[in-house]
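# Chain and residue survey
Below, each chain spelled out in residue letters.
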Amino acid sequence: FKINMEELKLLEELGKGQYGTVQKVYHKPTNVTMAMKETRLELDQSKLNSILMELDVLHKSQSPYIVEFYGAFFIETCVYYCMEYMDAGSLDKLYQIGVPEDVLSMITLSMVRGLKFLKDELSIIHRDVKPTNVLINSQGQVKLCDFGVSGQLVQSLAKTHIGCQSYMAPERISQGQMYTVQSDVWSLGLSILETAEGSYPYPPEKYNSVFAQLSAIVGSPPPALPDTYSEDARAFVALCLLKDAKDRPTYAALLEHPFLTKYDESEVDVKGWAVKAMEARLVREEEAKNGKGPAPPS
Ligand code: ATP
Ligand code: MG
């Protein structure tokens, strides 16, 4: 079926990114709460139509590790992308309470499975792996969103500048190399490190400019988990963050790594953690709104 604006009731804003806004919406005909991402694009009708066509492949295959796609439409030059609403929110808003290693392992497992699904089933590279694109719900499910399904859309967005938190692999910065699966593996490693540590591994405060920050990503040894984490966790992150892209493991190899195999999936309480993290997030957001306490870190 097709979704259009008239059928949607706009609820609250869920967040803002570089390219647009995400809103919680209610789809009246189906009684489904969705997340709708609005992206403004300066494109002509034929290009917009080709984006809609490219997004259509998402109707054909689904995975428990990928945020479900409900449909897209455009109004003038804005694309509206409707997807599954994930009530706990993105990982960057949840890791503040700390992430026990078994939960970290399960989050990583879902991410690797999601990335492998995209590659094997849809032949796509994610291109934007980072904590804001890892969504969690109160059932404890972990799913990826904002992957590069549409070549046309990727191309239209690529012209925009990069933000101050770069998850780009060293080879992409220094040689502007084409995006490969290995670049996603780097971004995965950096995202896990950020989730474990509770902050982005190349903090902008530490560098005087974006140039200095990017130079560090290219020129310095990669960041690593401290020794408060297990040997397995540290080894896993180190493999993802190998500076030479061709040395980084494949998804199949990562899935065999002890960091991902040593826990019994049915025993790890991701749901309990997600609910606690979500409550803490709501308290922080409420306090920020009322002007009490520090604003939540972005
Ligand atoms: P960037 O623009 O650099 O990709 P971003 O991922 O934070 O950054 P958006 O993709 O526009 O930007 O998303 C904004 C915020 O909306 C996200 O950080 C996330 O917290 C929230 N969000 C996005 N999609 C959903 C969803 N399906 N369910 C719940 N929250 C969502
Ligand atoms: Mg996003």
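Residues numbered from 1 in each chain as written. Chains lettered and ligands numbered in written order. Predicted model: local features only at pLDDT ≥ 70, side-chain atom pairs only at ≥ 80, totals over all residues. Heavy atoms only, no water.

## Some thoughts on the overall build of the chain
Across its full length, the chain holds eleven helices and eight strands. The C-alpha atoms of the chain give 19 Å as radius of gyration, which agrees with the globular expectation for 298 residues (19 Å, within 12%). Seen through its C-alpha atoms, the chain measures out along the principal axes to roughly 55 × 40 × 40 Å. In the chain, once contacts between residues fewer than 6 apart in sequence are set aside, the share between residues at least 24 apart is 65%. Each charge class in the chain was averaged separately, 30 positive and 39 negative side chains, and the resulting centres sit 3 Å apart. (Helix = DSSP H or I, 4+ residues; strand = E, 2+ residues; numbered from the N terminus. Rg over C-alpha atoms; globule rule 2.2 N^0.38 Å. Contact = heavy atoms within 4.5 Å. Lys, Arg positive; Asp, Glu negative; His and termini not counted. Charge placed at Lys NZ, Arg CZ, Asp CG, Glu CD.)

## Details of the site of ligand 1
Near ligand 1 you find 21 residues, and of these Gln 18, Lys 37, Ser 90, Lys 130 and Asp 146 are the closest. A distance of 2.7 Å is found between an oxygen atom of ligand 1 and a backbone nitrogen or oxygen belonging to Gln 18. At 3.1 Å, a backbone N or O of Met 86 approaches a nitrogen atom of ligand 1. Burial of ligand 1 by the surrounding chains reaches 94%, relative to a free accessible area of 600 Å². Sort the elements by how many residues they give to the shell around ligand 1 and strand E1 (residues 8–16) lands first, with three residues. By residue class, the composition of the shell around ligand 1 is seven nonpolar, seven polar and seven charged. (Near = heavy atom within 4 Å. Polar contact = N/O pair within 3.5 Å; in protein donor to acceptor, adjacent residues only side chain to side chain. Areas by Shrake-Rupley, 256 points an atom, 1.4 Å probe, with all protein chains shown as cover. Nonpolar A, V, L, I, M, F, W, Y, C, P; charged D, E, K, R; others polar.)

## Looking at the nonpolar core
Ranked by size, the top nonpolar core spans 75 residues in total, and within it Ile 107, Ile 136, Leu 188 and Trp 273 carry the most contacts. With eleven residues, helix H3 (residues 101–122) is the single largest residue contributor to this core. Here Trp 273 is in contact with Leu 91, Leu 94, Tyr 95, Ile 97, Gly 98, Val 99, Pro 100, Val 103, Ile 107 and Ile 136, once residues within four sequence places are set aside. (Core = buried A, V, L, I, M, F, W, Y, C linked by side-chain atoms within 4.5 Å. Buried < 20%, exposed > 50% of the residue type's maximum accessible area, 1.4 Å probe, protein only.)

## Some thoughts on the coordination of the magnesium ion (ligand 2)
The coordination sphere of the magnesium ion (ligand 2), as far as protein atoms go, consists of Asn 133 (OD1) and Asp 146 (OD), spread over 2.0 to 2.1 Å. Within this pair, whereas Asn 133 is found in the loop between H3 and strand E7 (134–136), its partner Asp 146 is found in the loop between strand E8 (142–144) and helix H4 (151–158), the two being separated by 13 residues in sequence. Residue classification places Asp 146 among the partly exposed positions, given a relative accessible area of 27%. (Donors = N, O, S within 2.8 Å, 3.2 Å for Na, K, Ca; no water.)

## Let's talk about unusual backbone geometry
Although it is not a glycine, Arg 127 adopts a positive phi angle of roughly 80 degrees. With respect to the helices and strands, Arg 127 occurs in the loop between H3 and E7. Even without glycine at this site, Asp 146 takes up a positive phi of about 60 degrees.

## Describing the UniProt feature "binding site: ATP" (unreviewed entry) in the chain
Summarizing the sequence annotation, UniProt attributes the feature "binding site: ATP" (unreviewed entry) to Lys 37 in the numbering used throughout. With respect to the helices, strands and loops of the structure, Lys 37 is situated in strand E3 (residues 32–40). In contact with Lys 37, other than residues within four places in its own chain, are Thr 21, Val 22, Val 79, Tyr 80, Tyr 81, Met 83 and Asp 146. (UniProt positions renumbered as here; feature names shortened; annotations may be inferred.)

## As for helix H6 (residues 181–197)
Between its first and last C-alpha atoms H6 spans 25 Å; for 17 residues at 1.5 Å apiece the expected length is 24 Å, and the two agree. By the criterion of burial, H6 is predominantly enclosed, with 14 of the 17 residues buried. Taken from the residues just after H6, Gly 198 is the one with a positive phi, measuring 80 degrees. (Expected span 1.5 Å × (residues − 1).)

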